[in-house]
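Here are the chains, one letter per residue:
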Amino acid sequence: MHATASRKQQHIGDPLSPQPVLDRARLEAIFNDIQADARYDHELNGCLNCGICTATCPAAQYYDFSPREIVQLLWTENLEGIYDAMQEKIWACAQCYTCAARCPFRNSPGSLIMIMREVAIKHGLQSAKDVLRPFSRVMLKLISTGNQLSPDMITADHFADWGPNISKIDAPLKLLRQAIPMPTLNTMQTAWEVNLKTSIELYTIWEMTGVLKQLEIIDENLFDVITDIMDEKREDYEDWRESQDGNE
Amino acid sequence: MNDIEGTRFTGHGPEWKDAKLSARDARAATAWVEAKVDRAALTGKDRVEDVRDRMRELERDGEIVVHRIRDEHAPVEAKTLYGWTKRIPTAQLWHHKSCGQCGNIPGYPTSLLWLMNQLGTVYLDETDQTSCTAWNYHGSGIGNLESLACVFLRNFHQAYVSARAQGLPDGYYFPLVHCGTSFGNYKEVRAYLLRSAELREKVKKVLAKLGRLVDGKLLIPEEVVHYSEWLHVMRSRIRAIQTIDVGKLRAVIHPACHVYKMVPEDAIYDDEVLDGNRVAVSTGLVQALGAQVIDYSTWYDCCGFGFRHIISEREFTRSFAMDRKVKVAVEEAHADVMIGHDTGCITTLDKNQWIGKAAGKHAEIPIVADCQFAALACGAHPYKIAQLHWHASPVEKLLAQMGIDWQRAKAEFESYLEAVRNGRGEHLYDPRRAITSGPGARKPVMA
Ligand code: SF4
Ligand code: SF4
């Protein structure tokens, strides 16, 4: 299947509904972006509508969500249905890839959902912005340091349902971290000590692969905070490099 | 298949026979059989391409450089789902850490390094590495194939050159991936890199800018290796240093989705482990240590982590973890411990037991990683090394069953904290080795 294929539905929307139909150009742009992803043809090879994927899908047990339905929408190029599914359903997936391991067509509904999530972000869907708001701490930590999680993020305030004690031994977090016998782990603000040079290299990756652009679309404030941190750290690194030059 | 009295393997393979169940039990059993997904279910499809063939071609054509597993890495061969050979390096390893393990359950990596110390395995644990970034990607969609590929190639390039800091040649250390999600993600990304010239072209520009090419070419590792695979091929050597008998323990295994459902063709299956019907890692180790591995109907289910769900859909995570895993392990398998091999699973299954109780789901079981279990069985200190105080589940019960006086061990650790406070903490290796370049680096220290 190629981006030029056209089994797209001619009539978008319910002809009996007084609601205005969705802008077809927008729907097409969204679908074309999904189809244009290099992974698309590899992860969608046809669909028997057999439902094996849904039968063992953990998310399908708890949400109004079915990977079979998502694959069918993509396979039949149901543009409005795809747009609809991108509002909420794609965010139900737990990304376990049980579906991919079992599908007789070797489809990967989980991977197709990832493509749809990326496209939802690219098109700035409000639903994506809403859904990702609670995830901003992880993004802030990851993009600014290269670590996705840190000891100081795991507090009883943020994870109240994990119980009042993060550790069963009552001692300050800093001391408990120092008592871990791996020197790289005696940290609080990152899961392990990430070298400043390493974080700076990662910033180049973020910039050159469009990740910062994604972030700007989804959360402008977070983008501002993160780019400020990046600027500061780059300055620190330049200072360090200059100090090295002086030593030579 | 081992026919251990009282275990629930019967009915899972060619040895099936009528169990003459009551109607109620039959219903439970049907659900169980429905959940049965063995090797045949995974290999019943068309045989898939081995991307490593493409890797060899690209290497021959001079397009990429392959970080080879050499004799000095003392590789041990294992078989994957399709019977392909995968070489697992067992020496000179570069630890590619997991942010979830290091941040949440630090006894996971410390147990692994401790085992390596006991076995005399040379390794490097350093600061020049980032997370794989795949947790964030799978949770949020922020990131893309290109960014994931660049992170993969950057980290693995660092593994390749890391020994320079010790005055040793490139390629000396081979990367060992701690996190199951990193493992699955890196393998997926490697396959796309090997298949797509366009992707290679794009990422090459980024890697060139970072100075992370080898002779102007992308560096691809011969294998992407998970620590559980190292444990698997080392299991008889680990057994040889075992000091605690675990024969009475009933253990259930939670195989991690990103370890064997993602890029399933690369997962290790071993004829000696469950007749080669299921992914062999962890189960093989736990059996080698002599514990009873007990089957349970929801073994194939995920843990409920969900990447985004653990942060913002906690009810799903909690319900799934408790109803589909913890309760089944306790009520159906009557297990003493659940053992896993991935970051998110251990966290989810462990931490949700607290709120599970508050939500009226009264089931609890100790949750540990395979390397923590192995380290304990080999005499590691439960708090100093296995760091079990970070676990919310009743790990004390497990320690008691293993004959370990946990109260004494806890008191020892509490007084050890005083030593740490006074700057007399102990480390598994010389801390000077942890920084190989950039700010903080010191003169080369020999391996
Ligand atoms: S990856 Fe998503 S769609 Fe597939 S089985 Fe898991 S939760 Fe369901
Ligand atoms: S398992 Fe595959 S073929 Fe069957 S419904 Fe799901 S995607 Fe379609």
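These figures come from a predicted structure and were not determined experimentally.

Definitions and limits used
Residues numbered from 1 in each chain as written. Chains lettered and ligands numbered in written order. Predicted model: local features only at pLDDT ≥ 70, side-chain atom pairs only at ≥ 80, totals over all residues. Heavy atoms only, no water. Helix = DSSP H or I, 4+ residues; strand = E, 2+ residues; numbered from the N terminus. Buried < 20%, exposed > 50% of the residue type's maximum accessible area, 1.4 Å probe, protein only. Contact = heavy atoms within 4.5 Å. Areas by Shrake-Rupley, 256 points an atom, 1.4 Å probe, with all protein chains shown as cover. Rg over C-alpha atoms; globule rule 2.2 N^0.38 Å. Lys, Arg positive; Asp, Glu negative; His and termini not counted. Charge placed at Lys NZ, Arg CZ, Asp CG, Glu CD. Salt bridge = Lys/Arg side-chain N within 4 Å of Asp/Glu carboxyl O. Near = heavy atom within 4 Å. Nonpolar A, V, L, I, M, F, W, Y, C, P; charged D, E, K, R; others polar. Buried area = accessible area lost by both parts, 1.4 Å probe. Domains from an automatic or database assignment. Polar contact = N/O pair within 3.5 Å; in protein donor to acceptor, adjacent residues only side chain to side chain. Pairing = 2+ DSSP bridges. Axes fitted to C-alpha atoms, helices over the stretch in contact; angles between N-to-C directions. 1 Å grid on protein atoms, 1.4 Å probe; cavity = no way out; pocket = protein on both sides within 12 Å on 5 of 7 lines; lining within 4 Å. Points joined across faces, edges and corners; volume = space filled by probe spheres on them. Phe/Tyr/Trp six-rings, centres within 6.5 Å; stacked < 30°, edge-to-face > 60°. Parallel < 35°, antiparallel > 145°, perpendicular 65-115°, else oblique. Left-handed = near helix turned anticlockwise from the far one by under 90°.

1. A few points about the overall build of chain B
In step 1: A tally of helices and strands in chain B yields 19 helices and 11 strands.
In step 2: Sorting the 447 residues of chain B into buried and exposed places 68% on the buried side.
In step 3: Once local pairs closer than 6 in sequence are excluded, the contacts in chain B between residues at least 24 apart make up 78%.
In step 4: Roughly 15,200 Å² of accessible area belongs to chain B as shown, and the carbon and sulfur atoms make up 48% of that amount.

2. Points about the overall build of chain A
In step 1: Scanning chain A for helices and strands turns up 14 helices and 0 strands.
In step 2: Listed by position from the N terminus, the elements making up chain A come as α-α-α-α-α-α-α-α-α-α-α-α-α-α.
In step 3: In summary, chain A has a C-alpha radius of gyration of 23 Å against a globular reference of 18 Å for 248 residues, an excess of more than 25%.
In step 4: Overall size of chain A, expressed as C-alpha extent along the three principal axes, is 70 × 45 × 35 Å.
In step 5: The buried share of chain A, taken over its 248 residues, is 53%.
In step 6: Taking all contacts inside chain A whose residues are at least 6 apart in sequence as the whole, residues at least 24 apart take part in 66%.
In step 7: Accessible area of chain A: about 10,800 Å², with a carbon and sulfur share of 49%.
In step 8: Each charge class in chain A can be summarised by its mean position, and for the 23 positive and 36 negative side chains these summaries are 7 Å apart.

3. A short note on the pattern of salt bridges
In step 1: Scanning the model with the defined rule gives 43 salt bridges over all chains in all.
In step 2: The residue Asp 37 of chain A makes a salt bridge to Arg 39 of chain A at a minimum N-O spacing of 2.9 Å. One exposure class covers both Asp 37 of chain A and Arg 39 of chain A, and it is buried.
In step 3: Asp 430 of chain B serves as the salt-bridge partner of Arg 432 of chain B, at 2.7 Å between the closest nitrogen and oxygen.
In step 4: On the accessibility criterion, Arg 432 of chain B (43% relative accessible area) is partly exposed.

4. Side note on the site of ligand 1
All names here are of chain A.
In step 1: If you check the shell around ligand 1, you find 13 residues, and the closest are Cys 57, Cys 93, Ala 94, Cys 96 and Cys 99.
In step 2: Contributions of two or more residues to the shell around ligand 1 are made by α4 (58-62) and α7 (98-102).
In step 3: Class assignment of the residues belonging to the shell around ligand 1 gives a composition of 10 nonpolar, 3 polar and no charged.

5. Digging into the interface of chain B and chain A
In step 1: The interface of chain B with chain A comprises 106 residues on the first partner and 87 residues on the second.
In step 2: Both sides together, the interface formed by chain B and chain A hides about 8,500 Å², and carbon and sulfur atoms give 64% of it.
In step 3: Across the chain B-chain A interface, the total number found is 5 salt bridges.
In step 4: Between Arg 212 of chain B and Glu 201 of chain A there is a salt bridge, with its nearest N and O atoms 2.8 Å apart.
In step 5: Classifying every residue of the side of chain B that touches chain A by side-chain character gives 46 nonpolar, 32 polar and 28 charged.

6. Observations regarding the site of ligand 2
In step 1: Looking at ligand 2, there are 13 residues lining it, with Cys 47, Cys 50, Gly 51, Cys 53 and Cys 103 of chain A nearest.
In step 2: Looking at the shell around ligand 2, the elements that each hand over two or more residues are α3 (52-55) and α5 (67-75) of chain A.

7. Some remarks on the domain arrangement of chain B
Often the size quoted for an interface is simply the accessible area lost on bringing the parts together.
Residue and element names in this part refer to chain B.
In step 1: Each assigned domain of chain B is listed with its residue range as follows: domain 1 (51-228) and domain 2 (243-420).
In step 2: Distance between the C-alpha centres of domain 1 and domain 2: 26 Å.
In step 3: In this complex, domain 1 contributes 38 residues to the contact, which on the side of domain 2 involves 37 residues.
In step 4: Note on domain 1 versus domain 2: buried area summed over both sides is about 3,100 Å², and carbon and sulfur give 67% of it.
In step 5: Residue Asp 266 is joined to Lys 86 by a salt bridge in which the shortest nitrogen-to-oxygen separation is 2.6 Å.
In step 6: At the boundary of domain 1 and domain 2, one finds 14 residue pairs in polar contact (both at pLDDT 80 or more).
In step 7: Mapped by element, the contributors of at least two residues to the side of domain 1 that touches domain 2 are β2 (76-79), β3 (85-88), α4 (99-104), α5 (107-119), α6 (134-140), α8 (180-195) and α10 (227-233).
In step 8: The biggest single contributor to the side of domain 1 that touches domain 2 is α8, with 8 residues.
In step 9: Residue composition of the side of domain 1 that touches domain 2, by class: 16 nonpolar, 16 polar and 6 charged.

8. Details of the sheet that holds strand β10 (residues 337-340) of chain B
Residue and element names in this part refer to chain B.
In step 1: Taken in spatial order, the 4 strands of this open sheet run β9-β8-β10-β11, and their pairing is parallel. Each end of this open sheet is capped by a strand with a single partner; those strands are β9 (292-293) and β11 (367-369).
In step 2: Bridge analysis of β10 against β11 gives 3 bridges, and the strand direction is parallel. Opposite Ile 339, over in β11, you have Val 368 as the bridge partner.
In step 3: Seen against the sheet, helix α16 (residues 343-358) touches β8 (250-254), β10 and β11 and runs at an angle of roughly 160° to β11.

9. A look at empty space enclosed by the protein
All names here are of chain B.
In step 1: This structure, assessed with the given rule, holds 11 cavities of 30 Å³ or more.
In step 2: Roughly 230 Å³ of volume is contained in the largest cavity.
In step 3: What lines the largest cavity is a set of 23 residues, among which Gly 100, Trp 135, Phe 305, Thr 343 and Gly 344 lie closest to the centre.
In step 4: Taken together, the elements giving at least two residues each to the lining of the largest cavity come down to α4, α8, α14 (309-312) and α16.

10. A closer look at the environment of Leu 398 of chain B
In step 1: Position of Leu 398 of chain B relative to the elements: it lies in helix α18 (residues 395-401).
In step 2: The spatial distance from the C-alpha of Leu 398 of chain B to the C-alpha of Met 234 of chain B is 24 Å, given a sequence separation of 164 residues.

11. Side note on the sheet that holds strand β6 (residues 174-177) of chain B
Residue and element names in this part refer to chain B.
In step 1: Read across the sheet, 3 strands follow the order β5-β4-β6 without closing on themselves; strand pairing throughout is parallel. At either end of the open sheet lies a strand with only one pairing partner, and these are β5 (123-124) and β6.
In step 2: For strand β4 (residues 93-96) and β5, the ladder comprises 2 bridges, and the chain directions are parallel. When the bridges of β5 are listed, Trp 94 appears paired with Leu 124.
In step 3: Its contacts with the sheet place α5 against β4, β5 and β6, and it is angled at close to 170° to β4.

12. Overview of the packing of aromatic side chains
In step 1: Taken as a whole and assessed by the stated rule, the structure comprises 20 aromatic pairs over all chains.
In step 2: Judged by centre distance (5.5 Å) and plane angle (90°), the ring pair of Tyr 62 of chain A and Phe 316 of chain B falls under edge-to-face. Remark: Phe 316 of chain B occurs in helix α15 (residues 314-332) and Tyr 62 of chain A occurs in helix α4; the pair is interchain, linking two chains.
In step 3: A residue is classified by how much of its surface remains accessible, and Tyr 62 of chain A, at 32% relative accessible area, is partly exposed.
In step 4: Using a relative accessible area of 3% as the deciding quantity, one classes Phe 316 of chain B as buried.
In step 5: An aromatic cluster of three or more residues is present, and its members are Tyr 62 and Tyr 63 of chain A together with Phe 316 and Phe 320 of chain B.

13. Side note on the packing of helix α12 (residues 196-208) of chain A against helix α7 (residues 145-161) of chain B
In step 1: Axis separation between α12 of chain A and α7 of chain B bottoms out at 9 Å; the angle between their running directions is 155°. In terms of orientation, α12 of chain A lies roughly antiparallel with respect to α7 of chain B. Two packed elements cross with a definite hand, and for α12 of chain A against α7 of chain B that hand is right-handed. Note on element contacts: α7 of chain B touches α12 of chain A through Glu 146, Ser 147, Cys 150, Val 151 and Arg 154 of chain B, opposite Thr 198, Glu 201, Leu 202, Ile 205 and Met 208 of chain A.
In step 2: A breakdown of the residues in the contact of α12 of chain A with α7 of chain B according to their chemical character gives 5 nonpolar, 2 polar and 3 charged.

14. A word on the pairing of strand β7 (residues 218-221) of chain B
Residue and element names in this part refer to chain B.
In step 1: Here β7 shows no split at all, with Leu 218 and Ile 220 on one side and Leu 219 and Pro 221 on the other all buried.
In step 2: Pairing geometry for strand β1 (residues 64-67) and β7, over 4 bridges, is parallel. Within β7, the position partnered with Val 66 by the bridge is Ile 220.

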